[in-house]
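Given next are the chains, with one letter for each unit.
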Amino acid sequence: EQFNTILQAFQIVEKELDVAYIITYPNNEYGSHLIVDKIRTKKDVSNYFIFESLGWQDYIATMAHCDLVIGNSSSGMLEAPILKVPSLDIGTRQLGRYSPFSVHHIENYDATIIADKMKTVLLDGKKEFSHPYGSGDASRRIYETLEKIWSETSKSVILQKKITY
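What counts and how
Residues numbered from 1 in each chain as written. Predicted model: local features only at pLDDT ≥ 70, side-chain atom pairs only at ≥ 80, totals over all residues. Heavy atoms only, no water. Pairing = 2+ DSSP bridges. Helix = DSSP H or I, 4+ residues; strand = E, 2+ residues; numbered from the N terminus. Axes fitted to C-alpha atoms, helices over the stretch in contact; angles between N-to-C directions. Contact = heavy atoms within 4.5 Å. Phe/Tyr/Trp six-rings, centres within 6.5 Å; stacked < 30°, edge-to-face > 60°. Buried < 20%, exposed > 50% of the residue type's maximum accessible area, 1.4 Å probe, protein only.

## With respect to the sheet that holds strand β5 (residues 103-106)
Move 1: Pairing is parallel across the open sheet formed by three strands, whose spatial order is β3-β4-β5. For this open sheet the edge positions go to β3 (69-71) and β5, each flanked by a neighbour on one side alone. The mean angle between the axes of side-by-side strands here comes to 15 degrees, regardless of whether they run parallel or antiparallel.
Move 2: As defined by bridge partners, strand β4 (residues 87-90) adjoins β5 across four bridges and the pair is classed as parallel. Paired with Asp89 across the bridge in β5 is His105.
Move 3: Contacts between helix α5 (residues 111-124) and the sheet are confined to β3, β4 and β5, with β5 contributing the most and set at about 165 degrees to the helix.

See the structure below:
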């Protein structure tokens with residue numbers, strides 16, 4: 001029922017915008033076969049591109065060329081922002097997790113609301129936004145900090161085990 005709502009939203013959007021959809025199969029969880037059955041109904045529709053699995057590298061490479069990621073997967077919360085792709089998180093599965101401002105949330109499965117948000121995000125285009133998970137130099141900074149501690153602190157102090165109970 002929830003996936004039907006998303007497909008209905010897709011139909012609303014494609015009446016107004018020239019869009020193509022890349023859909024990957026869900027993970028093998030309870031009820032996923034019902035979603036797969038619905039996905040298969042779109043296999044011969046010209047603007048739907050269906051994949052059972054892309055593999056990690058092709059999935060990321062494909063996502064990098066998208067204008068919007070839609071679903072309830074953590075990849076919309078983690079990988080999409082890193083790739084500077086906005087995402088639409090539908091449902092409550094990801095509630096309580098950190099989400100950058102490029103992630104738009106819709107808790108209720110309502111085709112009209114989903115379609116309206118999709119159109120808004122698509123028409124706004126990809127905006128410049130800062131990387132939500134740092135600048136990518138954490139390893140270097142950690143190394144430099146440890147190197148400084150190692151050079152400025154007595155080795156016996158560093159290596160001395162402390163009982164804290």
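## Details of the packing of aromatic side chains
Move 1: Tallying each qualifying case throughout the model produces three aromatic pairs.
Move 2: With a centroid separation of 4.0 Å and 10 degrees between ring planes, the pair formed by Phe10 and Tyr21 is classed as stacked. Taken as a pair, Phe10 in helix α1 (residues 2-16) and Tyr21 in strand β1 (residues 21-24) lie far apart in primary sequence, eleven residues in all.
Move 3: We classify Tyr21 as buried; its relative accessible area is 6%.
Move 4: When the ring of Tyr21 is compared with that of Tyr48, the centres are 5.0 Å apart and the planes differ by 40 degrees; the resulting orientation is tilted. Here Tyr21 is found in strand β1, whereas its partner Tyr48 is found in strand β2 (residues 48-51), with 27 residues between them in sequence.
Move 5: Its relative accessible area of 3% is what places Tyr48 among the buried residues.
Move 6: Three or more aromatic residues link up through ring pairs in this structure, and these residues are Phe10, Tyr21 and Tyr48.

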